[in-house]
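# Residue-level structure breakdown
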Amino acid sequence: MFEDDASHPARHAAGTRRARTPGPGAVGAPTAPGPISAGTASSASGTAQLVDAGCTPLEQELADLLAVHVGAAHPYTALELDAAHVGADCTSRDQASSDPALDALLGDAPGPSLAAALAGTEPADLDDASLIELLAAWERLAAWAQAGSAAALGELLLRTRGSSRHQFVVDEVSARLGLSRHAAAQRVGVAHGAQSIPEVADAMAAGVADRRKAEALVSTGRLDDVHRREVVRELRPDLEHLTVRQIRDRLRRAEIVVDPEGARERHARARRTRSVVLEPVDDAMAYLTAYLPADDAVRAWVAIDDLGAATRRTPGEARRLDECRADALVALLTGAVEQAAAAGGGSPDEAPHTEGPPVRASRTQASPVQVTIAASTLLGTDDLPAILAGYGPIPAPMARTIATDAEATWQRILTDPVTGVLTDRSSRSYRPSPRLRATVLARDATCTFPGCSVPASRGDLDHIAAFDPGRDGPQTHGDNLHALCRAHHRAKTTGGWSVVRDPESGVTTWTSPTEHRYFRPPYRADPARPPGRPRRRAPIDEGPPPF
């Protein structure tokens, strides 16, 4: 339910994390909430205006498309996963424990009575399903306690405002709680933000958002209080089940929708601060940190990940994937990549001497990245956020720049006109065709286990209902395929988890060994379609593509 910001990669114990947290005064006083105004024409009307003005045949075809993919070799993204349509009950349990009174207790709102009851509950006396609910109840209580901590700190900030003490509240928190100044500043940022955005304070008090989620809600992006409060209210029913990364993606998308020109200008300013920093740490190790534009960072990561994964798959390779990626980074930067011959090249013993084993590359072309962009945005009729695979929402001008690259390739992806979910094709063979595989990977974007952000292209394609060679009829089709990372593939195969997918809504439902059910909503492939609740699905035109 809650997390220690699992969206960030783990770092060495000696390292530090530099989070940007607003200090006191970074956010203005709360104002009356109001609706978000995108300030852009709808995709349909915008493309219609362009077509009426006269256009090329290709532009005419683009105007009829719902979404266009640029650079389809890596069809994955860390985009927001729309959880709103499955409702607030994103988790349920089919089987109650043997103690109805305990079930009622564990479902109570956090507060002193729940704290007293939990303190008197012995975990060893509970069944497995009740232990999961006990864990959830303790986490709700922890978030409630963090809300009280933030309220006390917020009161101190109010009392010291305008005095010389105000800027040193962080230092007193650091000294009293035994925290680093950076950690204390994060506490102050959450307390100040919860005052400015009371919906965040309410979510913490209700036990659905812990301090990490609250920090994401109050500090992500440059939204003003009016629009931030509106986004928090929209997220409120699903906060308990959204990851920190999903929360940040939702806020960044809203920021671009509200002020696309401001997003472009802020990116231009931030781009001028790009840098690379070397940070020595213990054991003769160091961090090499790059602060880059998102598109450049994703290109670099895809190149490193491709080469690292290829190295890891080499027969006899003993290094972990992370080690292979690290060695791939050094090899790419220093020009020490060993180009493999057509049949695997020579022996590793023949490679130039390095401290670690050689890193081989079987190809030299740049690893492509993918951006998902509405046809109307690509044509310039609106400035909706695009989705950069492996990063999330980006401003429209950056997406158009990627699309106009001389080596960019376009793959048309058709989406359901009502739900925005990708359509698919079927096959009677066990292995999906390259086109079907690309469609499923683009549809799922990430592993379909709830909250997992591993890109679909780095995992496996799994038959939801096991393939039966004796069964007549197609079994390898989009409704029976989904993307799973290796860990969650094992959970389904040997860990006692089961999964079904609703072809109408695109919702994947996982059932745990304790009979808890968890819902993973579909990834919306059409960037023009914001998160929302789907209507009844309309018929799909399965005719041949125009190009």
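Residues numbered from 1 in each chain as written. Predicted model: local features only at pLDDT ≥ 70, side-chain atom pairs only at ≥ 80, totals over all residues. Heavy atoms only, no water.

## Side note on the overall build of the protein
To keep things clear, this is the line we draw: A run of DSSP states H or I qualifies as a helix once it reaches four residues; a run of E qualifies as a strand once it reaches two. Both are numbered from the N-terminal end. The contact definition used throughout considers only heavy atoms, calling two residues in contact when any of these lie within 4.5 Å. The protein chains shown are the only cover counted for residues, whose accessible areas, like all others here, come from Shrake-Rupley with a 1.4 Å probe.
Check the secondary structure of the protein and you find 18 helices and 17 strands. For the protein, restricting intrachain contacts to residue pairs at least 6 apart in sequence, the fraction spanning at least 24 positions comes to 67%. A total of about 27100 Å² of accessible surface is found on the protein, and carbon and sulfur atoms cover 54% of it.

## Looking at unusual backbone geometry
Cut-off, in case you're wondering: Between buried and exposed lies partly exposed: a residue is buried under 20% and exposed over 50% of the maximum accessible area for its type, with that area taken using a 1.4 Å probe on protein chains only.
Here the phi dihedral of Asp283 falls at roughly 60 degrees; this positive angle occurs in a residue that is not glycine. With respect to the element layout, Asp283 can be found in the loop between strand S3 (275-281) and strand S4 (285-291). Taking relative accessible area as the criterion, Asp283 reaches 64% and is therefore assigned exposed. At Ala445, a position not held by glycine, the phi torsion is positive, near 70 degrees. Structurally, Ala445 can be placed in the loop between helix H17 (434-444) and strand S12 (460-463).

## Concerning the nonpolar core
Quick note on the threshold: By nonpolar core we mean a set of buried residues, namely Ala, Val, Leu, Ile, Met, Phe, Trp, Tyr and Cys, connected to one another through side-chain atoms within 4.5 Å.
Ranked by internal contacts, the top residues of the largest apolar core, which has 22 residues, are Val200, Leu217, Leu235, Leu239 and Ile247. Elements supplying a minimum of two residues to this core: helix H8 (198-205), helix H9 (211-219), helix H10 (225-235) and helix H11 (244-258). Residues within four places of Leu235 in sequence aside, it is in contact with Leu217, Leu242, Ile247 and Arg250. By size, the runner-up hydrophobic cluster in this structure holds 14 residues, among which are Ala294, Val298, Ile373 and Ile402.

## Details of the confidence of the model for the protein
The test is simple: Confidence of the predictor at the level of single residues is given by pLDDT, which spans 0 to 100.
Mean pLDDT over the protein: 73, with 64% of residues reaching 70 or higher. A low-confidence stretch, residues 1-89 (pLDDT under 50), is modelled with 237 contacts involving residues beyond four sequence positions or located in other chains.

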